[in-house]
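# Reading the structure
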Amino acid sequence: MLLPVTKWLWKDEFWLPPGFTWEDMRDTDEVSYPHPHHLFACIPLAFLLIALRLVTERVFIMPLGRKLGLQEKVLRKPSPNAVLEAFYSKHQKGPKERELSGLAKQCDMQPRQVERWFRARIRQDQASLTKKFCEACWRSIYYVISFFTGLAIMYNKPWLWDPRECWTEYPQQPLVPSIYFYYIMQLTFYCSLAITLPFDVKRKDHEMQIIHHVATIFLLWFSYCTNCIRIGCLIVLIHDASDVLLEPTKMFYYVKWSRISDTLFLMFSFVFLYVRLVIFPQKVLYNTYYYSMELYQPFLGYYLMNGSLIVLQLLHIFWSYLIIRMVCKFFVRGTMGKDVRSDSEDSENSEENGAEEAVPEKDGKENGSVLSSLNSGGNFISKETPLQLNGSSHPTNSHPKIR
């Protein structure tokens, strides 16, 4: 029953330019070509990579964070309140303005006390600094390995310097073992990110991250099946060029090495804007959209490939806008400060300025930031309502500032 569907799915005109068939891509003793079944190796490898990540975080990254001065905040628990807890369990956020007064009356509390209770409760469910540091450090390790591996593999390839070479003798371009290794490495990593996405630090652009991972996995898979691996390698290398700076920026931000993190942030911003808004459209989009059609007639794979690339470029534009906002704030304030992209957490600056000065939005959220997790978060403590520290109550007028 599946045979007719499979036969239809792999029709030559869907995947290859007019005039070529799968018979033209058949392996010989001297030459081998990419085939879809090669990619099945990334599925078990993705789970092995996740296991390696867990071991690396526990054995190496956590001790590294402590040596670099990573200090976890002591979270203060809100006093038990069945009514507010039931509301939070249902909505997973703080009350809106019209709901605030009703909750305050039910609990015989002031509206400001209810706001502070929800701030402290939301804080309990937010990712710890240690988790953020481990995530950033793991990705830093991967992106450094990936970027320099890509450079080493492609440095002597003519299509790295002249993207038009991506279409020379296409689609009958032999598969090079090093390129196959590079592709499997990339697809394994992004599959592992997709698997762990529900468990990683959730940010305000969570939906954008899902779209990005899906588009990336689809592009890697589709470009391999259609033997567009040369252009696929260029896309990965262009993305790694900025990602290799992003994750170390967050690492040093978490351990409060502000000078290094500020410097890396400015470097990352320049590289990101240049490679995503200049290099990517010039070397990739133009190459796949215009130049390829000077050599071949359009086919379904052409539209699917370019559609996915346009989705990626729209994400680049969205993130570039956020980065530009962050850079403008950087030059005004003289420091990186809060991020405008992703964390749904409140800034740790709010705690340092005092609870009375920190007024949240009515839905319990604050503006996020540009770098994936540049916010750690402060605790919002009520001066009227005692909160619990490790199960015991303490009046808030006697607690020290937590670092």
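Residues numbered from 1 in each chain as written. Predicted model: local features only at pLDDT ≥ 70, side-chain atom pairs only at ≥ 80, totals over all residues. Heavy atoms only, no water.

With that settled, consider the overall build of the chain. Helices and strands together make up the secondary structure of the chain, namely 14 helices and two strands. Taken over 403 residues, the chain has a buried fraction of 52%. Accessible area of the chain: about 20000 Å², with a carbon and sulfur share of 63%. (Helix = DSSP H or I, 4+ residues; strand = E, 2+ residues; numbered from the N terminus. Buried < 20%, exposed > 50% of the residue type's maximum accessible area, 1.4 Å probe, protein only. Areas by Shrake-Rupley, 256 points an atom, 1.4 Å probe, with all protein chains shown as cover.)

Below, the discussion takes up helix H11 (residues 229–254). Its 26 residues place the ends of H11 37 Å apart at the C-alpha level, agreeing with the 38 Å of an ideal helix rising 1.5 Å per residue. Among the 26 residues of H11, 26 are classified as buried, and the element is accordingly described as predominantly covered. (Expected span 1.5 Å × (residues − 1).)

Okay, the packing of aromatic side chains next. Applying the stated criterion to the full structure yields 22 aromatic pairs. Between the aromatic rings of Tyr142 and Tyr143, the centroid separation amounts to 5.6 Å while the plane-to-plane angle is 65°, which identifies the pairing as edge-to-face. In terms of burial, Tyr142 and Tyr143 fall into one category: buried. With 3.6 Å between their ring centres and 10° between their planes, Tyr142 and Phe189 make a pair best called stacked. Residue Tyr142 is located in helix H7 (residues 129–154), and its partner Phe189 is located in helix H9 (residues 177–196); the two are separated by 47 residues in the primary sequence. Residue Phe189 is classed as buried on the basis of its relative accessible area of 0%. Grouped by ring-pair contacts, the aromatic residues Tyr286, Tyr289, Tyr290, Tyr302 and Tyr303 constitute a single cluster. (Phe/Tyr/Trp six-rings, centres within 6.5 Å; stacked < 30°, edge-to-face > 60°.)

With that settled, the discussion passes to the confidence of the model for the chain. It should be kept in mind that the predicted coordinates are not to be read in detail where pLDDT is low. When pLDDT is averaged along the chain, the result is 77; 79% of the residues meet or exceed 70. Mean pLDDT per element in the chain: strand S1 (residues 387–389) is the minimum at 35, and helix H3 (residues 42–67) is the maximum at 93. In this model residues 340–403 is a low-confidence stretch, pLDDT under 50, and it forms 199 contacts with partners more than four residues away in sequence or in other chains. (pLDDT = per-residue confidence, 0-100. Contact = heavy atoms within 4.5 Å.)

One pass over the full model with this rule turns up eight salt bridges. Put simply, Arg53 and Asp200 hold a salt bridge, and the shortest N to O gap is 3.0 Å. A residue pair is termed long-range when its members are at least 10 positions apart, and Arg53 in helix H3 and Asp200 in the loop between H9 and helix H10 (206–225) qualify at 147 residues. Neither Arg53 nor Asp200 differs from the other in exposure class; each is buried. Through salt bridges that share partners, Arg53, Glu57, Glu135, Arg139 and Asp200 make up one connected network. (Salt bridge = Lys/Arg side-chain N within 4 Å of Asp/Glu carboxyl O.)

Here we come to the packing of H7 against H11. Orientation of H7 relative to H11, taken along the N-to-C sense of each, is 145°, at an axis distance of 8 Å. Handedness of the crossing formed by H7 with H11: left-handed. Here the residues of the contact of H7 with H11 sort into 17 nonpolar, three polar and six charged. (Axes fitted to C-alpha atoms, helices over the stretch in contact; angles between N-to-C directions. Left-handed = near helix turned anticlockwise from the far one by under 90°. Nonpolar A, V, L, I, M, F, W, Y, C, P; charged D, E, K, R; others polar.)

Moving on, we come to the nonpolar core. Counting residues in hydrophobic clusters, the biggest one holds 85 residues, and the most contacted among them are Phe133, Met154, Ile179, Tyr182, Phe189 and Leu309. A total of 16 residues in this core trace back to one element, the largest contributor, which is H11. For Phe189, the contacting residues outside a window of four places in its chain are Leu49, Trp138, Tyr142 and Tyr143. With twelve residues, the next largest nonpolar core counts Phe87, Ala104, Cys107 and Trp117 among its residues. (Core = buried A, V, L, I, M, F, W, Y, C linked by side-chain atoms within 4.5 Å.)

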